[in-house]
Every structure is written in structure tokens, then in C-alpha cells.
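# Understanding the architecture of this molecule
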Amino acid sequence: MTYRWDFAPILDNWQALAFGAIGTVRLFLVCLVLGLSLGLLVALMRRSRHGVLRWLAIGFIELFRNTPVLVQILWFYFALPMLAPVEISPFGAAILGISLNSAAYSAEIYRAGIQSIEPGQWEAARAIGMTGLQVLRRIVLPQALRRVLPALTNRGIEIFKMTTLASVVAYVELLQQGKLVASLNFNPLEVYTVIGALFFLLLYPLVRATYALERRLARSDA
Amino acid sequence: MTAPLLRIEGLGKSFGDRAVFSGVDLEVARGDRIAIIGASGSGKSTLLRCINVLERADQGRVVLGGEPVGEEVRRGDRTETRYSEAALVRLRQRVGMVFQQFNLFPHMTVLGNVMEGLVTVKRMGRDAAARQALAELARVGLADKAEAYPAHLSGGQKQRVAIARALAMEPEVLLFDEPTSALDPALVGEVLDTIQALAGEGRTMLLVTHEIGFAYHMATRVLFLAEGGIYEQGTPDEVLKNPRRPLTQAFIAGHRRFSF
């Protein structure tokens, strides 16, 4: 089979794809920040002495981990406005679905990290008079975050790729724009190849940056 | 007569069904150096950890400088002690602790470890804290390691940093929980020298140890823990050289078996 690759229609539509790329990066950044910080909050709630907070955290984690993000996005976009007097944009629905899902996953990553810190670290910090919050902030979290950085990187990559799910509510991101270009020019092979390549080109430098961060944090090792 | 610096009244602690000790009374005056010895599981470490409330006693109370630690509340037919975070923070600034496993903060330099309490707890400026931390490190002979990370130190050096970290808070009482038990025998000496130097400054300390010889030279008083309490106590000569009760005699004899 001889297929003649033709990238000219894609170059002609570079603006549409650029819009898509901007949409993807924008959604990614919002969901990364919201998802990973909310995840830390949920992880801390899960360790709380107060039963209510603990159960809320567990309920949240199990609900959002055990339902598909795609369903969550559709639910926030189509179902939520039927229950409550809110209008929700595609961007908003995608943020809710992806961020909450990522918060549930990353909460468990943070929990694993915090639990992996030896009790002696808590004791030594408390023994010089630190409060529980100070121990967490100064002693436990810096060590725990370092240990879970590879797992959090995985989460970040996943968030980046989950942004494509926002195309289901017609949010303007790379895949959505790709679909548009492909349907107008009948060139799915070129378009989806380029979309895949664009994701790789955007993500890989970010991943390299986290490796550099890991190396920097490893300077206290023997 | 002045009030004792630290008083323990009727202290009791159980883990589940197993009572570790009960009804322990102890008075510690300023400048006392108390060695606590006994077999494994006799509650030596637990007693020490109840003093700075890393472990919560089930009965009794700890009185520091005339003030009871924690607040006693009646609940039905029994009293329980509640500790506010503020009370624990105050207590732990006055009572320092050195652990068997050092427990240095691995993500901070040696200087950072010693400064941490000064900056975070005492709210001291970083420059002043660094100066004081360096002075404490000089005291344990490790000023040249200030910029090193704990992972690059020997066990003995780690323990001396841990001692400097506790000293930096200027505690009135120092608790040592088997400070040399995790060390290579060749490194025990440097840590004992450091503790000996602190004893020479007239500091008040309680030391849980298996180093009977060191206890003999350093302590003003020795407690032997057995049968769920203080089984025998007295001067080092009384308890270690001429123990009167059978379990103490057997314990000391066991430790002497291979001396030469």
C-alpha cells in the first residue's frame, strides 16, 4: 500500500491547532494546580483526628476514583445544571471532572508518602517543641513530597492527557481541533499523527524538568 | 527546701492489657543526673517518654517547675489528663530529648537541624539562630560539619548533632533514651564524652542506658526498673556496687560476667 502523506492541509490550519494547544495547556495548568493541591488537602483530611473529616475524605476519594473521568465531565456539563441553578461552561465541566478525579488519586499518593516517614521524625520534631502543623510543613511533607515525586509526575502526565476528554463537551483543545481539521480535509492519518506528536513534544520537556527537580532534591543523599 | 525541678507522681502506663509500670514516684532536683537501668521491656524508655509526653501516661502526673503538665479533667468516675498543644510546646522547650536512633532530619544540613527549633519554635531570626546553632555544634566538636547532610556523618557524629539540636533549645532537663545503643562500639566513646561534658556543666539529666560503667561514673542517682516500677534506687555505689535486692543483684552480675 502506498499512501502519500500530505501535511499541507495541516500547515494551512496551523492556527486552529495552535488554539487547541493553548486550550490544552490552559486546562492542564488549572487542573494540575487544583488537582494536586486539593489532593494534598484531602490526604491531610484523611489523617485527621476528626471522624467527619476522615469520612468525607474517604468518601470523596472512593467516589472520584471509581467513576470514569469521561462520565464525570459529562455529568457536570449535562446533569449538574438540571439539579442546581448553575450554568457550566465546557471549560468548567472539564476542570471539575479532571481536577476532582486527580485530587482523589493524588490524595492517595500523598497519604502513602506521609505514612512512609518514620515515626522517629515526628517524635524528634515534637521533642523540640514543634506543633503538629509545623512538623508537617517543615519535616514530614518536604521528605514525603520528595519520595512521591515520581508518582506525582505520573499523575501530572495523566492530567495532561486527560485534557483530551474535554473534547466530549466541545472544549477547544488539541484533540477537538484535530477532529475538526480531519473532518474538513479527510486526512485523519496526518492529523492524528501530528496531534500525538504535539502531545509528546509538549509533555516530554515537562517530564525532563521533573527529573531535574528530583536530582536537585537528592543532594542530601549519601 | 526548694521545690524539685521535676516531680513524677504515681505515673502508670499500660499498652493494652500489659502494664509497663504503675505508681512510679520520682523527684528530680536541679543538677541531678539520674541513670535509669533495667532489663529490656522494664519500661525505662516508656518512663522517659512519658516525661515529655511522647507517650501518654494512663495514671499519675508530671509536675515541672511546680506546674502540672496538662490539665486534669474528671470524666465519670476517673480523671484523665488533657494536653493542649500550647502546653506540650512549652513543656518540650523545657525538656530536651536525645533518641537512640538519632532521628536527625535528613533533608536538612547539620546546621539546619540544630537551627530548626530556634527558627520554627523560638521564632528567632535566621542569622541569630545560625550563630547559636554553630556555637552548639562547636560545643559537641562538629562546627566543621555544619554544611554536611546527616547521611554523610558517622553514627557517633549524628548523635552529637542530635545532642546539639536538643541543647540549642536551652532545656532545663535533658532526656537521653539509650543514646549509644545504636552505635558501633568504636563510636560509643565520643558520645559518652559529650554527655560527660554536659554532666560537668551541672545540667539536669535522665539517662536510660545499658552502659553500666558509664552510669556509675556519670550519675548522681541510679534507678533500677523491674516488676512494673522502680525496684531499687540509690547512689551508683549503692545500686551498682552493692545492690540489696535479688533482681538488681542478678542484673548487675549479668553485666559483670564478661568484664575484665
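Cut-offs and rules
- Residues numbered from 1 in each chain as written.
- Chains lettered and ligands numbered in written order.
- Predicted model: local features only at pLDDT ≥ 70, side-chain atom pairs only at ≥ 80, totals over all residues.
- Helix = DSSP H or I, 4+ residues; strand = E, 2+ residues; numbered from the N terminus.
- Buried ≥ 20, exposed ≤ 12 C-beta atoms within 10 Å, placed from the backbone.
- Contact = placed C-beta atoms within 7 Å.
- Pairing = 2+ DSSP bridges.
- Axes fitted to C-alpha atoms, helices over the stretch in contact; angles between N-to-C directions.
- Parallel < 35°, antiparallel > 145°, perpendicular 65-115°, else oblique.
- Left-handed = near helix turned anticlockwise from the far one by under 90°.
- Expected span 1.5 Å × (residues − 1).
- Nonpolar A, V, L, I, M, F, W, Y, C, P; charged D, E, K, R; others polar.

With that out of the way, let us pick up the overall build of chain A. Secondary structure summary: chain A contains nine helices and zero strands in total. Of all 222 residues assigned to chain A, the portion counted as buried reaches 35%. Counting only contacts in chain A whose residues sit at least 6 apart along the sequence, the fraction spanning at least 24 positions is 75%.

Time to look at the sheet that holds strand S9 (residues 173-177) of chain B. Residue and element names in this part refer to chain B. Within the open sheet, the six strands sit side by side as S8-S9-S10-S3-S11-S12. Their pairing is mixed. The open sheet has two edge strands, strand S8 (95-98) and strand S12 (229-234), and neither has a second partner. Neighbour-to-neighbour, the strand axes of the sheet open up by a mean angle of 20°, direction not taken into account. Sheet topology note: the S9/strand S10 (residues 204-208) ladder contains five bridges and is parallel. Following the sheet pairing, Leu 174 is matched in S10 by Met 205.

Turning our eyes to something else, we now look at the environment of Thr 79 of chain B. On the secondary structure map, Thr 79 of chain B appears in strand S7 (residues 78-82). Those residues in contact with Thr 79 of chain B that sit more than four places away from it in its chain are Glu 72, Val 73 and Arg 74 of chain B.

Our next topic: the packing of helix H4 (residues 69-83) of chain A against helix H5 (residues 90-115) of chain A. The relative placement of two packed helices comes down to the angle between their axes together with the axis-to-axis distance. All names here are of chain A. In the contact formed by H4 and H5, the axes pass within 8 Å of each other and the chain directions differ by 140°. With respect to H5, the element H4 is oriented oblique. Between H4 and H5 lies a crossing of right-handed hand. Contacts from Val 69, Gln 72, Ile 73, Phe 76 and Tyr 77 in H4 reach Pro 90, Ala 93, Ala 94, Leu 96, Gly 97, Ile 98, Leu 100 and Asn 101 in H5.

So, on to helix H3 (residues 110-121) of chain B. The end-to-end C-alpha distance of H3 of chain B is 18 Å, a good match for the 16 Å that 12 residues give at a rise of 1.5 Å each. Among all positions of H3 of chain B, only Val 110, Leu 111, Gly 112, Asn 113, Val 114, Met 115, Glu 116, Gly 117, Leu 118 and Thr 120 of chain B are buried. Summarising the contacts, the buried residues of H3 of chain B are in contact with helix H7 (132-162) of chain A together with helix H4 (126-139) and helix H5 (155-168) of chain B. Positioned one or two residues after H3 of chain B, Arg 123 of chain B has a phi angle of 55°, which is positive.

In this section: the interface of chain B and chain A. Each partner contributes to the interface: chain B provides 22 residues, whereas chain A provides 18 residues. Counting only elements with at least two residues in the side of chain B that touches chain A, the list comes to helix H2 (85-94) and H3 of chain B. Split by residue class, the side of chain B that touches chain A holds 10 nonpolar, eight polar and four charged.

Let us now look at unusual backbone geometry. Residue and element names in this part refer to chain B. For Asn 103, which is not glycine, the phi torsion reads 55° and is therefore positive. Position of Asn 103 relative to the elements: it lies in the loop between S8 and H3. Of note, the phi angle at Glu 178 is positive, near 45°, even though the residue is not glycine. Within the secondary structure, Glu 178 is located in the loop between S9 and helix H6 (185-200). On the basis of neighbour count, Glu 178 is assigned to the buried category, with 20 C-beta atoms found within 10 Å.

Residue and element names in this part refer to chain A. Look at helix H2 (residues 14-46) against helix H8 (residues 174-185): their axes get within 7 Å of each other, and the N-to-C directions meet at 160°. Judged on the interaxial angle alone, H8 and H2 are roughly antiparallel. Between H2 and H8 the crossing geometry is right-handed. Residue-level contacts link Ala 16, Leu 17, Phe 19, Gly 20, Ala 21 and Thr 24 of H2 to Leu 174, Gln 176, Gln 177, Gly 178, Leu 180 and Val 181 of H8. Its residues assigned to classes, the contact of H2 with H8 shows seven nonpolar, five polar and no charged.

Time to look at the sheet that holds strand S5 (residues 67-68) of chain B. Residue and element names in this part refer to chain B. Ordered by their spatial adjacency, four strands build an open sheet running S2-S1-S4-S5, and the pairing between neighbours is antiparallel. Sheet topology places strand S2 (18-28) and S5 at the edges, where each strand pairs with a single neighbour. Bridging between strand S4 (residues 59-64) and S5 involves two bridges; their strand directions are antiparallel. Residue pairing across strands places Leu 64 opposite Glu 67, the latter belonging to S5.

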